[in-house]
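# Tertiary structure, described
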Amino acid sequence: MQLIFEKSVPERKGFQVPKSDVSMKATIPGAYIRKIDCLWPEVSELDVVRHFTRLSNLNYSLDANFYPLGSCTMKYNPKFTEKAASIKGFANLHPVLPQLDGSLVQGGLEVLFEMDQLLSEITGMDNFTMQPLAGAHGELTGVMLMAAYHRAKGNKKKYIIIPDSAHGTNPASATIAGYDIVSVPTDKNGVLSLKDFEAKITDELAGVMLTSPNTLGIFNSNIDKIADAVHKVDGLMYYDGANLNALLGRARPGDLGFDIVHINLHKTFATPHGGGGPGAGPVGVKKSLSKFLPISRVIKKDDHTYALDYNYPESIGYVAPFYGNFSVILKAYAYILMLGKEGLREISDHAVLNANYIMARLKKYYDLPFDRTCMHECVFSASKQEKNGVHANDIAKFLIDKGFHPPTVYFPLIVKEAIMIEPTETESKQEMDPFIEAMIEAAQLSESHPDQFKDFPKNTPVSRPDEVKAAKDIICNHFLKK
Ligand SMILES: *Cc1c(COP(=O)(O)O)cnc(C)c1O
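Residues numbered from 1 in each chain as written. Predicted model: local features only at pLDDT ≥ 70, side-chain atom pairs only at ≥ 80, totals over all residues. Heavy atoms only, no water.

What follows deals with the packing of helix α16 (residues 392-401) against helix α17 (residues 429-448). One can describe the packing of α16 onto α17 by two numbers: an axis separation of 10 Å at closest approach and a directional angle of 130°. Relative to α17, the element α16 is oriented oblique. You can see that α16 and α17 cross each other, and the crossing is right-handed. Residues Ile395, Phe398 and Leu399 of α16 pack against Phe435, Ala438, Met439, Glu441, Ala442 and Leu445 of α17. Residue composition of the contact of α16 with α17, by class: 8 nonpolar, no polar and 1 charged. (Axes fitted to C-alpha atoms, helices over the stretch in contact; angles between N-to-C directions. Helix = DSSP H or I, 4+ residues; strand = E, 2+ residues; numbered from the N terminus. Parallel < 35°, antiparallel > 145°, perpendicular 65-115°, else oblique. Left-handed = near helix turned anticlockwise from the far one by under 90°. Contact = heavy atoms within 4.5 Å. Nonpolar A, V, L, I, M, F, W, Y, C, P; charged D, E, K, R; others polar.)

Taking 1.5 Å per residue, 20 residues should reach 28 Å; α17 reaches 28 Å between its end C-alpha atoms and fits that length. Residues Met432, Asp433, Phe435, Ile436, Ala438, Met439, Ile440, Ala442, Ala443, Leu445 and Ser446 constitute the buried set of α17. For α17, the elements touching its buried residues are α14 (326-362), α15 (383-386), α16 and β12 (418-421). (Expected span 1.5 Å × (residues − 1). Buried < 20%, exposed > 50% of the residue type's maximum accessible area, 1.4 Å probe, protein only.)

Let us look at the confidence of the model for the chain. In the predicted model, the chain carries a mean pLDDT of 92, and 93% of its residues have values of at least 70. Under a pLDDT of 50 for its full length, residues 1-10 has, in the predicted model, 10 contacts with residues more than four places off or in other chains. (pLDDT = per-residue confidence, 0-100.)

Let us now look at helix α7 (residues 135-153). Taking 1.5 Å of rise per residue, 19 residues should cover 27 Å, and α7 covers 27 Å from first to last C-alpha, within 8% of that figure. One or two residues past the end of α7 sits Gly154, with phi positive at roughly 75°.

Scanning the model with the defined rule gives 0 disulfides in all. With no disulfide of its own, Cys72 has Cys378 as its nearest cysteine by sulfur position, at a separation of 15 Å. According to the relative accessible area criterion, Cys378 is buried, its value standing at 1%. (Disulfide = S-S within 2.5 Å.)

A few words now on the sheet that holds strand β1 (residues 127-129). Strand-to-strand pairing in sheets goes through backbone hydrogen bonds, with the strands running parallel or antiparallel. As summarised here, the arrangement of the 7 strands in space is β1-β7-β6-β5-β4-β2-β3, forming an open sheet in which the pairing is mixed. What marks the edges here is a single partner per strand, and that holds for β1 and β3 (180-184). Across the sheet, the mean angle separating the axes of adjacent strands is 25° when strand polarity is ignored. Strand direction decides the pairing type here: strand β5 (residues 236-240) and strand β6 (residues 260-262), joined by 3 bridges, are parallel. Its bridge partner lying in β6, Tyr238 is registered against Ile260. α7 rests against β2 (159-163), β4 (205-211), β5, β6 and β7 (283-285) of the sheet, and its axis sits at about 175° to β5. Its contacts with the sheet put helix α8 (residues 169-176) on β2, β3, β4 and β5, and the angle it makes with β2 is roughly 175°. (Pairing = 2+ DSSP bridges.)

A few words now on a nonpolar patch on the surface. A grouping of Val43, Val48, Phe52, Leu55 and Leu58 is seen on the molecular surface, where their side chains present a nonpolar patch of about 470 Å² in accessible area. Locating Val48 in the fold gives a position in helix α2 (residues 45-58). (Patch = residues over 30% accessible without salt bridge, like charges linked within 9 Å, V, L, I, M, F, W, Y side chains within 5 Å. Areas by Shrake-Rupley, 256 points an atom, 1.4 Å probe, with all protein chains shown as cover. Salt bridge = Lys/Arg side-chain N within 4 Å of Asp/Glu carboxyl O.)

If you check the shell around the ligand, you find 13 residues, and the closest are Ser71, Gly135, Asp240, His266 and Lys267. One nitrogen or oxygen atom from the main chain of Ala136 is found 2.8 Å from an oxygen atom belonging to the ligand. Within the side chain of Asp240, a nitrogen or oxygen atom sits 2.7 Å from a nitrogen atom of the ligand. Contact with the protein chains removes 86% of the 380 Å² of surface that the ligand exposes when unbound. Mapped by element, the contributors of at least two residues to the shell around the ligand are α7 and α12 (265-268). The residue makeup of the shell around the ligand, split by class, is 3 nonpolar, 7 polar and 3 charged. (Near = heavy atom within 4 Å. Polar contact = N/O pair within 3.5 Å; in protein donor to acceptor, adjacent residues only side chain to side chain.)

The residue Ala280 is located in the loop between α12 and β7 in this model. In this structure, the C-alpha to C-alpha distance between Ala280 and Phe370, residues 90 residues apart in sequence, is 32 Å. Residues contacting Ala280, with those up to four places away along its chain left out, are Pro132, Leu133, Ala134, Ile263, Asn264, Leu265, His266, Val328 and Ile329.

Pairing geometry for β2 and β3, over 5 bridges, is parallel. Paired with Pro163 across the bridge in β3 is Val184.

A few words now on the packing of helix α6 (residues 106-123) against α14. Running from N to C, α6 and α14 point in directions that differ by 45°, and their axes come no closer than 10 Å. The pairing of α6 with α14 is recorded here as oblique in orientation. Regarding α6 and α14, the two cross each other, and that crossing is left-handed. On α14, the residues that touch Gly108, Val111, Leu112, Glu114, Met115, Leu118, Leu119 and Ile122 of α6 are Phe326, Ile329, Leu330, Ala332, Tyr333, Ile336, Leu337 and Leu344. Class assignment of the residues belonging to the contact of α6 with α14 gives a composition of 14 nonpolar, 1 polar and 1 charged.

Glancing now at the environment of Val352. Tracing the backbone through its elements, the reader meets Val352 in helix α14. Residues Val352 and Thr424, spaced 72 residues apart in sequence, show a C-alpha to C-alpha distance of 7.9 Å. Contacts of Val352, omitting those with residues within four sequence positions, involve Ala246, Cys374, Met375 and His376.

Glancing now at the pattern of salt bridges. This model, assessed by the stated rule, comprises 16 salt bridges. For Arg250, the salt bridge identified is with Asp349, shortest N-O distance 2.8 Å. Here Arg250, found in the loop between β5 and α11 (253-256), pairs with Asp349, found in helix α14; they are 99 residues apart in sequence, far enough to count as distant. The class of Asp349 is partly exposed, set by a relative accessible area of 32%. Residue Lys402 pairs with Glu441 through a salt bridge whose shortest N-O separation is 3.0 Å. Placement of Lys402 in the loop between α16 and β11 (408-409) and of Glu441 in helix α17 is noted, with a sequence separation of 39 residues between them. Overlapping salt bridges bring together Arg361, Lys429, Asp433 and Glu437 as one network.

Pasting the structure below:
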């Protein structure tokens, strides 16, 4: 539809408002035709720029602020990787192209092939698939690989063991893949209880899903014993790689006895994430499972060119369209090459140091249910504050008022009033100190004026929603009645 201006070339003086198209009037029902001219806002370019710039500043983002959200690994994402992802030769690739003419996409295939090798080297695995689109999707893929392995061997397997500290996606993925879940409690040291675990092992055990370090930020030094026990009944060890940031360059899941891993590229390897994506959850396996990996797979031919290979009759098939979230994979590739071996190792050094610094400074003020050296994150409980009626949620709202994104609260589920802090390696002492001071202030205020907490946040454009009213009026009355 072409809009006709009153004059074919608008005058330069001031902004010319397009008048409605005469020919359109013929086809639009009379009731919908404007009786008066549209009232366009009369604003200058500067007004518009300031309006949108102000709005963008209301957005809380990693580029501007500290984001201590435990388990999520909200590290700074260097702009260099965005540049790599926007290189035209990559950004304009069509996903069908590799199947039509591989010679036109050698660069893209090389990235996928090399990522397979790099991630295998980093995790101690033999092969990777780049297809899964998120960590949880990687979990499902991994458990499907586990099932394919047992099917091929004729193993009668029924259940998967998952610690009670696990992320909710673990039992969800295993259930979708058709397994029963057996939960094992955490012991007083903050790791899977070995005694309870051993009692749950039978010939019907398909495998174990572990996060290491676990969601309490604690490393389990019994992993080799667990792996031996699982392998004895031909079960498989699954590594939830969401916390790989703590181990990079120091320990490899493959060396610890794991058979399958997923990596959250958007967490460990720096892609902006949150709000649902985009992410990537590549899955790596030991040789005995390689033949089950999704197709297609990228191979390097004798003439050093790359091609897609579909010839894996035992493959579980496609788990996502094409080759995964290519731009996320590309950013992770650029990030890994930029940092190199030494750089990757420094990630875990600094991530662990930062978390321990925060833990050491706050443990006088907050209860620390598992008081031991942590890895890349630490988990407090607001149980001391709760005695005065102040909950983890209230402390989170107080922090918002102080200009901080709150840490993760109420996860992991096994810690009452949990406050889970993950600073990541990219934060400096100068950035962490004001956050620590605000946490201390919250603890002190909970002693002196606990009643004030129900009003936070006070300084934000939107005040605290009435969650009970929201649940009752909106969810119960509106949605459930419908
Ligand atoms: C984030 C996370 C997941 C799920 O990963 P997504 O990429 O969000 O799907 C699984 N396990 C743990 C421990 C996590 O922190």
